[in-house]
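# Chain and residue survey
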Amino acid sequence: MNSSFTLESAPHDLGVTATGRIMKILILTLIPAVLTNIFFYGFGVLINILLCLVSCLVTEGILLRLRKRHLNLLWRDSSAAVTAVILGLTLPQLLPWHLSVIGSVFAIALVKHAFGGLGQNVFNPAMAAFVFLLISSPVQMTSYVSPVPGNCSHLTISRSAAIIFGGTDSREQARKEAQESILESLELPGDRNEYYRLADSFTGPTFLTDVMHERPVPSNPDASVRGWTEGALGSGSLPWLFIGHIATGLAFLLGGLALLALRIIDWRIPVSFLTVAGGLFTVFWLANPDAFLSPLWHLLFGATIFGAFYIITDPVTAVPKPQGAWIFGGTVAVLFVIIRNLGGYPDAMAFSVLLGNAAAPLISILTRRREFGAGSTPEVLHDHD
Amino acid sequence: MTITEILKNGLWSKNPGLVQLLGLCPLLAVSATAVNALGLGIATIMVLSVSNLLISLTRRIIIHEIRIIIYVLIIASIVTCVELLMEAYTPELYQALGLYISLIVTNCIIIARAETLASRNSVFHSFLDGLANGAGFSLVLLFIGMIRELVGQGTVFAGMEQLIGDLGTNLKTQVFRSDDGLLIAILPPGAFISLGLLVAGKNFLDSRYRKKRLDKREAEITSVE
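Now for a description of the structure that goes with this document. What you see is a predicted model; the values in this text were computed from it and never measured.

### Thoughts on the overall build of chain B
When you go through chain B residue by residue, the secondary structure sums to ten helices and two strands. When the elements of chain B are put in sequence order from the N terminus, they spell out α-α-α-α-α-α-α-α-β-α-β-α. Projecting the C-alpha coordinates of chain B onto the three principal axes gives extents of approximately 60 × 55 × 30 Å. Burial statistics for chain B: of 225 residues in total, 42% are counted as buried. Long-range contacts, defined here as pairs at least 24 residues apart, represent 76% of the contacts in chain B between residues at least 6 apart.

Right, here's the structure in full:
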């Protein structure tokens, strides 16, 4: 019986995957992480995200107009919104507003549209903007809020807004109020007035920055990362940090697993990134525990989990092919470990992602699937006969 | 080639900085402030016009097979003179520009103008071409320098006294506080980004002009019909 009518060629699986749907699900899976961030870091996170959203969408609208594209792309592919949310989550929580706006404009206008818009950009827009800001104003970009449970009631919307948008006076006033409120809740030992005299104790360099300065260097060979972390643990100043970072890490992991379950992102990239990074961190740590942090801490602090699921898996700038995805995740992980352990910057997600993006086209070409029979010389074919 | 053509090519349509993208090394490295840019620009104009003049004068006696070596010899001696002049009259600027003055020898604009124009044109045309190309390059350099200085540290023409003495002390304009500047503009990435934006701006203006001219011609054709 001639069955050509019932036989169909591949693909048989018809999905409803569309760019806009992927992007909207991505934003939805970030909701737990945003809520956790607000709980531990105050409402500055939310203000940052909204600020980035507004400036990214306005820039995207203007550029779509300039490039004579239809404005409904704004809603249909929603990629500008994803860039905005990721950028808003990575920026320091109380960053002055003009820097967030400049970063968003840079991400959309120069990193995305100058290269040809969505799908054509070589670099991850959010991370490129982060590096742009980090190089532009290193002081503001490295002072993060220390996580304290219930920070949302200390760094309230009005206080955060005053610090982000306000002039010098209102900023100082809001900082002081937030500081007093936090100290009030912590029940610290000793004379409370001693703490009040500190100008600013709720923002500052992150844990990873502190660790970076505790590495033994030729000028200070006796420094020890292990000794420093043990000392900090002993004095009781770390548990809050731990709780905050574990909670945010878990929230990102939850969202990331949802993305994996919905097959929005390729599972190979986070798996290869986390295993290679974990393995290399372990090697460094076993080689010299005085100079390098243990892998568990590295996975916990900074943007490791967030980056593994949300940043390096960006479908435009990662490598889509199976073998390529393994190699891409591994490449970013190697760069990540090297920059974090040996470099002059505390966290390395942004830099390693950008370098990995630059290598992605090459990886993509090198892992091209070989056509059947291609690449074999006639003699070889003959031998197999 | 007419005089207007030479001027137009050097300053706009074949601008060495924006169209030919020659001499990118000094263009990107020395444009962190307007003063440095202007200083190097003036030095380049001097070297370029004098080298074009000398090469055009001697073009009939230069042996064709070894012409590049002779060009470099001529250019290097002019650069040495300019360098000594700058060291004598603008010592601070000389310190700030450092190696880049001597590196004018290897600036490909100068060899390019010598090879393509001065070696086969009259003395006057060559000299004028040197001036036009040098001015075109210096304007781009100055423009990038002003943008980078403004964005990076909120000033324009800071330190002009290094170049023109007491006259320059009042030229400095503070637009906003230096602390609010975007440091990246002064660093190398800022140079690449501002040059890219300038090239894009020039292409935009060109395409708009071309479109206008096309529209005008079409209108003429329909009116004739």
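### Considering the interface of chain A and chain B
Contacts between chain A and chain B engage nine residues on the former and seven residues on the latter. In this assembly, chain A packs against chain B so that about 670 Å² is buried in total across both faces, 80% of it on carbon and sulfur atoms. Linking chain A with chain B are zero salt bridges, by the criterion used here. Our count for the contact surface shared by chain A and chain B stands at one residue pair in polar contact (both at pLDDT 80 or more). Counting only elements with at least two residues in the side of chain A that touches chain B, the list comes to α6 (97-112) and α7 (125-136) of chain A. With four residues, α6 of chain A is the single largest residue contributor to the side of chain A that touches chain B. In terms of residue class, the side of chain A that touches chain B is built from seven nonpolar, two polar and no charged.

### Regarding the environment of H98 of chain A
Counting through the fold element by element, H98 of chain A comes out in helix α6. Accessibility expressed as a relative area gives 27% for H98 of chain A, which makes it partly exposed.

### Thoughts on the pattern of salt bridges
Residue and element names in this part refer to chain B. Applying the stated criterion across every chain, the model contains seven salt bridges over all chains. With a closest N to O distance of 2.9 Å, D129 and R113 form a salt bridge. Here R113 lies in helix α7 (residues 108-116) and D129 lies in helix α8 (residues 123-153), a separation of 16 residues in the sequence. Comparing D129 with R113, the two get one shared label, buried. Where D206 meets K202, a salt bridge forms, and the shortest distance between an N and an O atom there is 2.6 Å. On the criterion of helical spacing, the pair formed by D206 and K202 is a turn pair, its members being four residues apart in helix α10 (residues 188-224). Taken as a pair, D206 and K202 share a single burial class, namely buried.

### Details of a nonpolar patch on the surface
Residues and elements named next belong to chain B. A contiguous nonpolar patch, built from I3, L7, L11, W12, F124, L139, F204 and L205 and spanning about 740 Å² of accessible area, is present on the exposed surface. At the level of elements, α1 (3-13), α8 and α10 are the ones that each hand at least two residues to the nonpolar patch. Looking at which element gives the most residues to the nonpolar patch, the answer is α1, with four residues. The topology assignment puts W12 in helix α1. Under the relative-accessibility criterion, W12 is labelled partly exposed at 35%.

### Things to note about the environment of D314 of chain A
All names here are of chain A. Mapped onto the secondary structure, D314 falls in the loop between α18 (304-311) and α19 (322-342). Taking the relative accessible area as the measure of exposure, D314 reaches 13% and is therefore buried. Each residue touching D314, except ones within four places of it in the same chain, is listed here: N124 and P125.

### Side note on the packing of aromatic side chains
All names here are of chain A. Within the structure shown, the criterion is met by eleven aromatic pairs over all chains. Here F273 and F336 contribute two aromatic rings whose centre-to-centre distance is 5.3 Å and whose plane-to-plane angle is 50 degrees, an arrangement assigned as tilted. Residue F273 is located in helix α16 (residues 268-287), and its partner F336 is located in helix α19; the two are separated by 63 residues in the primary sequence. Its relative accessible area of 0% is what places F273 among the buried residues. Where F306 meets Y310, the ring centres are 5.7 Å apart and the plane angle is 50 degrees; that geometry is what we call tilted. Of this pair, F306 and Y310 both sit in helix α18, four residues apart, which is roughly one turn of the helix. Exposure remark for F306: the relative accessible area of 5% places this residue in the buried category. Using a relative accessible area of 4% as the deciding quantity, one classes Y310 as buried. Site record: aromatic cluster; members linked through ring pairs are F252, F306 and Y310. In this structure, K24 is placed above the aromatic ring of W75, and the distance from its NZ or CZ to the ring centre is 4.2 Å.

### Digging into the nonpolar core
If you look at the biggest cluster of nonpolar residues, it comprises 93 residues, and the most contacted ones within it are L89 and F328 of chain A. For this core, the element with the highest residue contribution is α7 of chain A, accounting for ten residues. Not counting residues within four places of it along the chain, the set of residues in contact with F328 of chain A comprises I269, I312, T317, A318, V319, G356, N357, A360 and I363 of chain A. Core analysis: the second largest hydrophobic core is formed by 44 residues, I55, L97, V156 and F157 of chain B among them.

About the criteria used
Residues numbered from 1 in each chain as written. Chains lettered and ligands numbered in written order. Predicted model: local features only at pLDDT ≥ 70, side-chain atom pairs only at ≥ 80, totals over all residues. Heavy atoms only, no water. Helix = DSSP H or I, 4+ residues; strand = E, 2+ residues; numbered from the N terminus. Buried < 20%, exposed > 50% of the residue type's maximum accessible area, 1.4 Å probe, protein only. Contact = heavy atoms within 4.5 Å. Buried area = accessible area lost by both parts, 1.4 Å probe. Salt bridge = Lys/Arg side-chain N within 4 Å of Asp/Glu carboxyl O. Polar contact = N/O pair within 3.5 Å; in protein donor to acceptor, adjacent residues only side chain to side chain. Nonpolar A, V, L, I, M, F, W, Y, C, P; charged D, E, K, R; others polar. Patch = residues over 30% accessible without salt bridge, like charges linked within 9 Å, V, L, I, M, F, W, Y side chains within 5 Å. Areas by Shrake-Rupley, 256 points an atom, 1.4 Å probe, with all protein chains shown as cover. Phe/Tyr/Trp six-rings, centres within 6.5 Å; stacked < 30°, edge-to-face > 60°. Lys NZ or Arg CZ within 6 Å of the ring centre and 35° of its normal. Core = buried A, V, L, I, M, F, W, Y, C linked by side-chain atoms within 4.5 Å.

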